[in-house]
Amino acid sequence: MSMIKADSISKIFTIQDRENRRIRKPLNVLKNVSLTVEQNEVVCIIGPSGAGKSTFLRCLNHLETIDDGQIYIEDKLLFDCHNGKNKVKMNNNDRNKILLEVGMVFQQFNLFPHKTALENVKLAPIHVRKLSEKEAHEKSIQILEKVGLSDKIDSYPSALSGGQQQRLAIARSLVMQPRIMLFDEPTSSLDPELSSEVLSVMKQLVLDGMTMIVVSHEMGFAREAADKVVFMEKGAFLETGSPKQILENPVNDRIKQFIQSV
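None of the values given here were measured: they were computed from a predicted structure.

About the criteria used
Residues numbered from 1 in each chain as written. Predicted model: local features only at pLDDT ≥ 70, side-chain atom pairs only at ≥ 80, totals over all residues. Heavy atoms only, no water. Pairing = 2+ DSSP bridges. Helix = DSSP H or I, 4+ residues; strand = E, 2+ residues; numbered from the N terminus. Contact = heavy atoms within 4.5 Å. Phe/Tyr/Trp six-rings, centres within 6.5 Å; stacked < 30°, edge-to-face > 60°. Lys NZ or Arg CZ within 6 Å of the ring centre and 35° of its normal. Axes fitted to C-alpha atoms, helices over the stretch in contact; angles between N-to-C directions.

**Student:** Explain the pairing of strand β11 (residues 236-241) to me, using residue names and the numbers behind them.
**Tutor:** Bridging between strand β10 (residues 228-233) and β11 involves five bridges; their strand directions are antiparallel. From the neighbouring strand, Val230 faces β11, where its bridge partner is Thr240. With antiparallel pairing between neighbouring strands as the criterion, β10 and β11 make up a hairpin whose turn holds two residues, including Lys234 at a positive phi of roughly 50 degrees.

**Student:** Residue-level account of the side chain of Thr55, with values.
**Tutor:** Position of Thr55 relative to the elements: it lies in helix α1 (residues 53-60). Here Thr55 is in contact with Lys11, Phe13, Val29 and Leu30, once residues within four sequence places are set aside.

**Student:** Describe the packing of aromatic side chains, listing the residues and the values that go with them.
**Tutor:** One pass over the full model with this rule turns up two aromatic pairs. Plain terms: the ring middles of Phe56 and Phe237 are 5.4 Å apart, the flat faces sit at 85 degrees to each other, and that makes the pair edge-to-face. Taken together, the residues Phe56 in helix α1 and Phe237 in strand β11 connect sequence positions 181 residues apart. Just above the ring of Tyr72 sits the side chain of Lys5; from NZ or CZ to the centre is 5.4 Å.

**Student:** Run through the sheet that holds strand β9 (residues 211-215), naming residues and quoting values.
**Tutor:** Taken in spatial order, the six strands make up an open sheet running β7-β8-β9-β3-β10-β11, and their pairing is mixed. Each of the sheet's edge strands pairs with one partner strand only, and the pair in question is β7 (102-105) and β11. Ignoring which end each strand starts from, the neighbouring axes of this sheet average 15 degrees apart. Direction of pairing for β7 relative to strand β8 (residues 180-184): parallel, over a ladder of four bridges. Bridge pairing links Val105 to Phe183 in β8. Helix-sheet contacts for helix α9 (residues 253-261) involve β3 (42-46), β10 and β11, and the interaxial angle to β10 is about 100 degrees.

If you want it as structure tokens, here you go:
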């Protein structure tokens, strides 16, 4: 069973011309991209800034709508779009229930500053999964232990380091028990020492068999943990293959240039 399948995805943003605000120019961010991710597979998407990597992830869990293409989650067709219109007739509650299987960790931590680590984690299970206070509390404690924050449950985000805040953000996603995790450059704002804390948690998820799509410039993680690496530029997937193929023996000259630069 494929956990995620994106088939011929296109996404166009319209932006205002600075010289004439009445004119809008289309920006083709995703150009007919396709990707299939199998159960327990780890896929790393690499490429220069502005390639469309983050937009692609956001389209997979419907934080962005697509203009054309199909998106399947666990072999269920959720979106079959043409010119921005979805042809799949599905109850919104049913669609949202399926999308809950897809967790996401962002570049920014997006934590509630006025809530403790424990409160940040257990909020969604109570209000979205409808767990009891007791059950949400117990699950949240377990997840915080998993990401190495058992001693920080009563701490507020401002008292945590950047690495701890990102691990807390991961815990907040994991407590929802997703079957798929999307990571959008989770270490981009961290220094190397703090990045290693977050990468260690992600590597443990790999060992646990979590299906993951990771947008990252961490080539070491891609080499060690990925089953498949995708190089993306200007809204298109230029090459897909094993870490050895893409990172050590790429066919495309542009990819060779990128790998040398990082």
